[in-house]
Amino acid sequence: MAGRSAPDLVLVGQKGRVGCEALLCLASLRARDPGFAGTVWLAEPQPGPLWPGDPRMEDGLRDACLSLGATLLPFGSRHFGAAYPPGNKIEALAALPAGRPFLFLDSDMLVLGPLPEIDCSWPSASDRVRDTWPKPPPYGPDRGAIWDAVFALSGTGRGPTLDLRFPRGDPRRDLYLNAGWVAGPSRRAGRAGGPRPRTRPRGQGGTAPGMERPGRGARHRCRAQGVARVVTSARFRHVLVVNVHFDPDNYGGATIVAKEVARHLLAAGIQVTAVATMQAEELPAYAVVRSHRDGIDTFRINMPPGPAPTLSYWDDQMTARVVQIAAQTGAEVAHLHCLQGLGAGLIPGLRGLGLPVVLSVHDFWWLCQRQFMVQPDGRYCGQDPVRLGQCVGCVSNRAQLSERNGKLFAAVRQADLVTFPSAFAHGLSMRSGLPARRSVILENGINRPGPGFFDDQAQRRAASPELTFGFVGGPSAVKGWPLVREAFKRLDRTDFRGLVVDGSLDGSWWRPSMFQGMSGRWVIHPRFEQAAGLDQFYASIDVLLFLSQWRETFGLVVREAISRGVRVIQTEGGGATEHRAKSRRLPIGASPEELSRLLGQELQNPGAHPEPVPCRSFADQAEELMALLETL
């Protein structure tokens, strides 16, 4: 922070281990950021009735800290003391001079490089946190009830403090977690509008201060997923990314693509602001909750209670909220993904603000009111091209069908660029009359295998030669689970294993009873994220089952599998088959007997593992998107 206005730095030093940790923290600060210009406060608790002995640092330890430029800040323990040491952080902050921004570090932290510039205008904290309290007893009350009781004691409401990105029961929903650092404008200063949800200073990414963040010049080096290349973005410095869900609410391939591409844009030095939806009964419709995660500000807009079919595709109030966010944040270009619940009105709304708009199509919501071209009886309709006259049997309101089509097509005409993840998605959309002024195929990327993946895979296969099947789609008909279940009931072999991934946030998708009558040994695999658990899952399976009952526009998991040398059994057609790997294929609507025959063929050749097929990465996709932005 040399040459800039730096906040005060605060850490606690007391007798014993904490004092030694404070000395190491100060030494790392002076070694790694010698130009730090802020005041460094060494907060030291003083003797009193709440301490059984003298909590002050030993004289030699204190002198060593002061020799590194720290300023002693004695504070009294009026509420906590030895009974609850974390509470001393609060008492230390109360002793700070008022009106000065501060960064409070846990004493056991190390500074790894020059501290980045920190926006202390809002209270913020690391979200690399640990759940330390409360610990609900086995038979109740639950976490929410405990917190309600605590807030009732102080006469305040719990609602404004909730982080609504996380579901009920998740410890991160309540803003009481063990964080490594906190920052704020002043120990006394407030700000109009009440508390803001937990955020991180820009550039922190949840790590210890000193984490490197690329600058914002025209040329930057992208190092995500082991990829190193120079990318160029000379025209736009701030992208507004809009999707119905956004990290950490990762549901399906489109949300993963939106998050990962945004992450790579950020790594290239482009500021990213995200807009998504949420459903919170305790908040009014269209209320906005702002959060910060991994360098990206996300604004979540509370959806109105349903049912209101029209609002799912055109909502003027939602449009007004998004336009307001775009204007206030200074976004320069909009990248829109899945807009169900947000509405197609975002396109003309953002264009009216002067922003170029890129629309990335991930499914057939723009052509089909049911989104996936699956009829009420669960069968794929198979239209090519899509014609409204054949859609009337699938919807309850024929007049609304025509109105919806007219509004959505009118909105698409105003987009500066429409991208599709596959030739199939592009071709069907164009044949069906989607009126894109300019359209391109922007193939999705994947997160490639990490270092050590193939060693882990080889070790697992050597240790256990039994074949393992993997299924990611969830227990729904559209993803093919009934077909999978019935096919495995027909197998006469049991010398294999099956893994099903529970992608729900609360572990509610699968129960052991759902595998009753199926051959083999079936195991429920917990939900995983792209950054943690992806390689572990694919190293655990030999055959991916991708039995979607509609022609998907891309098939992210298929690419993840073939890039890792995992065999694939998949349904025919759509963007999921636009790859160079050999896979066993079935027509949509195939019988369990047909799938059972393919399963038997795989079991007869347990060691026939294919070579990995290289696939495009998210870094590749982000780089191509940046090149396209330059042409708008």
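This text goes with the structure placed above it.
Just so it is clear, the model here is predicted, and its values are computed rather than measured. (Residues numbered from 1 in each chain as written. Predicted model: local features only at pLDDT ≥ 70, side-chain atom pairs only at ≥ 80, totals over all residues. Heavy atoms only, no water.)

Trainee: Where do I start with the overall build of the chain in this structure?
Mentor: Regarding its fold elements, the chain presents 15 helices and 24 strands. Accessible surface computed for the chain: about 27,200 Å², of which carbon and sulfur atoms make up 53%. (Helix = DSSP H or I, 4+ residues; strand = E, 2+ residues; numbered from the N terminus. Areas by Shrake-Rupley, 256 points an atom, 1.4 Å probe, with all protein chains shown as cover.)

Trainee: Looking at this structure, how should I read the pattern of salt bridges?
Mentor: Any two side chains of opposite charge can pair if their charged atoms end up close together. Under the definition given, this model contains 29 salt bridges. With its nearest N and O atoms 3.3 Å apart, the salt bridge here joins Lys-259 to Glu-260. Lys-259 sits in the buried class, given a relative accessible area of 11%. You can call Glu-260 buried: its relative accessible area is 2%. Here Glu-466 makes a salt bridge to Arg-521, at a shortest N to O gap of 2.8 Å. With Glu-466 in the loop between α10 (453-463) and β19 (467-471) and Arg-521 in strand β21 (residues 521-525), this pair connects stretches of sequence that are 55 residues apart. Residue classification places Glu-466 among the partly exposed positions, given a relative accessible area of 24%. By relative accessible area, Arg-521 is classed as partly exposed at 44%. A cluster of three or more residues bridged by salt bridges with shared partners is formed by Arg-485, Glu-486, Lys-489, Arg-490 and Glu-593. (Salt bridge = Lys/Arg side-chain N within 4 Å of Asp/Glu carboxyl O. Buried < 20%, exposed > 50% of the residue type's maximum accessible area, 1.4 Å probe, protein only.)

Trainee: Can you help me understand the sheet that holds strand β15 (residues 333-336) in this one?
Mentor: Two pairing modes exist for strands in a sheet, parallel and antiparallel, and in both the strands are linked by backbone hydrogen bonds. Pairing in this open sheet of eight strands is mixed, and the strands run β13-β14-β12-β11-β15-β16-β17-β18 from one edge to the other. Two strands bound the open sheet, and with one partner strand each, they are β13 (288-293) and β18 (439-441). Adjacent strand axes in the sheet meet at a mean angle of 20°, parallel and antiparallel pairs treated alike. As defined by bridge partners, β15 adjoins strand β16 (residues 357-360) across three bridges and the pair is classed as parallel. (Pairing = 2+ DSSP bridges. Axes fitted to C-alpha atoms, helices over the stretch in contact; angles between N-to-C directions.)

Trainee: How should I be thinking about the state of the cysteines in this particular structure?
Mentor: Should the sulfur atoms of two cysteines be covalently bonded, the bond is a disulfide. With the rule as written, the count across this model stands at zero disulfides. In this structure Cys-20 is not part of a disulfide, and its nearest cysteine sulfur, from Cys-65, lies 8.7 Å away. For Cys-20, a relative accessible area of 41% puts it in the partly exposed group. (Disulfide = S-S within 2.5 Å.)

Trainee: Teacher, can you tell me more about the side chain of Arg-616 here?
Mentor: As for its position among the elements, Arg-616 is in the loop between α14 (592-604) and α15 (618-629). For Arg-616, the side chain forms a polar contact with the main-chain oxygen of Glu-443, separated by 2.6 Å. Residues contacting Arg-616, with those up to four places away along its chain left out, are Leu-442, Glu-443, Asn-444, Gly-445, Ile-446, Arg-448, Gln-621 and Glu-624. (Polar contact = N/O pair within 3.5 Å; in protein donor to acceptor, adjacent residues only side chain to side chain. Contact = heavy atoms within 4.5 Å.)

Trainee: Sorry if this is basic, but what is going on with a nonpolar patch on the surface here?
Mentor: Together, Leu-24, Leu-110 and Leu-112 make up a nonpolar patch on the protein surface, roughly 320 Å² of accessible area in all. Along the polypeptide, Leu-112 turns up in the loop between β4 (102-105) and β5 (124-125). (Patch = residues over 30% accessible without salt bridge, like charges linked within 9 Å, V, L, I, M, F, W, Y side chains within 5 Å.)

Trainee: What is the right way to look at the sheet that holds β21 in this model?
Mentor: Read from one edge to the other, the open sheet built from six strands follows the order β21-β20-β19-β22-β23-β24, with strand pairing classed as parallel. The open sheet is flanked by β21 and β24 (584-586), the only strands paired with a single partner. For this sheet the average axis-to-axis angle between neighbouring strands, irrespective of direction, equals 20°. Bridge count between β19 and strand β22 (residues 543-546): three bridges; the pairing is parallel. Paired with Gly-470 across the strands is Leu-544, a residue of β22. Across the sheet, helix α11 (residues 481-489) touches β19, β20 (496-501), β21 and β22, and the angle it forms with β19 is around 155°.

Trainee: Looking at this structure, I do not really get the packing of helix α5 (residues 252-267) against α15. What am I missing?
Mentor: The relative placement of two packed helices is expressed as an angle between their axes plus a distance between the axes. At a minimum axis separation of 9 Å, α5 and α15 run at an interaxial angle of 70°. One way to sum up the angle between α5 and α15 is to call them roughly perpendicular. Within the contact between the two elements, α5 uses Ile-256, Val-257, Glu-260, Val-261, His-264 and Leu-265 and α15 uses Phe-618, Ala-619, Gln-621, Ala-622, Leu-625 and Met-626. Grouping the amino acids of the contact of α5 with α15 by side-chain chemistry returns nine nonpolar, two polar and one charged. (Parallel < 35°, antiparallel > 145°, perpendicular 65-115°, else oblique. Nonpolar A, V, L, I, M, F, W, Y, C, P; charged D, E, K, R; others polar.)

Trainee: Teacher, can you tell me more about the environment of Glu-630 here?
Mentor: Topologically, Glu-630 is positioned in the segment after α15. Sequence-wise, Glu-630 and Arg-235 are 395 residues apart; in three dimensions their C-alpha atoms are separated by 6.2 Å.

Trainee: When you look at the environment of Glu-260 in this model, what are you seeing that I'm missing?
Mentor: Residue position: Glu-260 is located in helix α5. For the pair Glu-260 and Gln-530, spaced 270 residues apart in sequence, the C-alpha to C-alpha distance is 8.8 Å. Setting aside residues no more than four positions away along its own chain, Glu-260 makes contact with Asn-447, Gln-530 and Phe-618.

Trainee: Honestly, the pairing of strand β11 (residues 238-242) in this entry has me stumped. Any pointers?
Mentor: Along a regular strand, successive side chains alternate from one face of the sheet to the other. Most of β11 is tucked away: five of the five residues are buried. Residues His-238, Leu-240 and Val-242 point to one face of β11 and Val-239 and Val-241 to the other, with burial holding for every one of them. Bridging between β11 and strand β12 (residues 271-278) involves five bridges; their strand directions are parallel. Bridged to Leu-240 within β12 is Thr-273. For the segment spanning β11, α5 and β12, crossover handedness is right-handed. (Right-handed = clockwise from strand over helix to strand, strands pointing away.)

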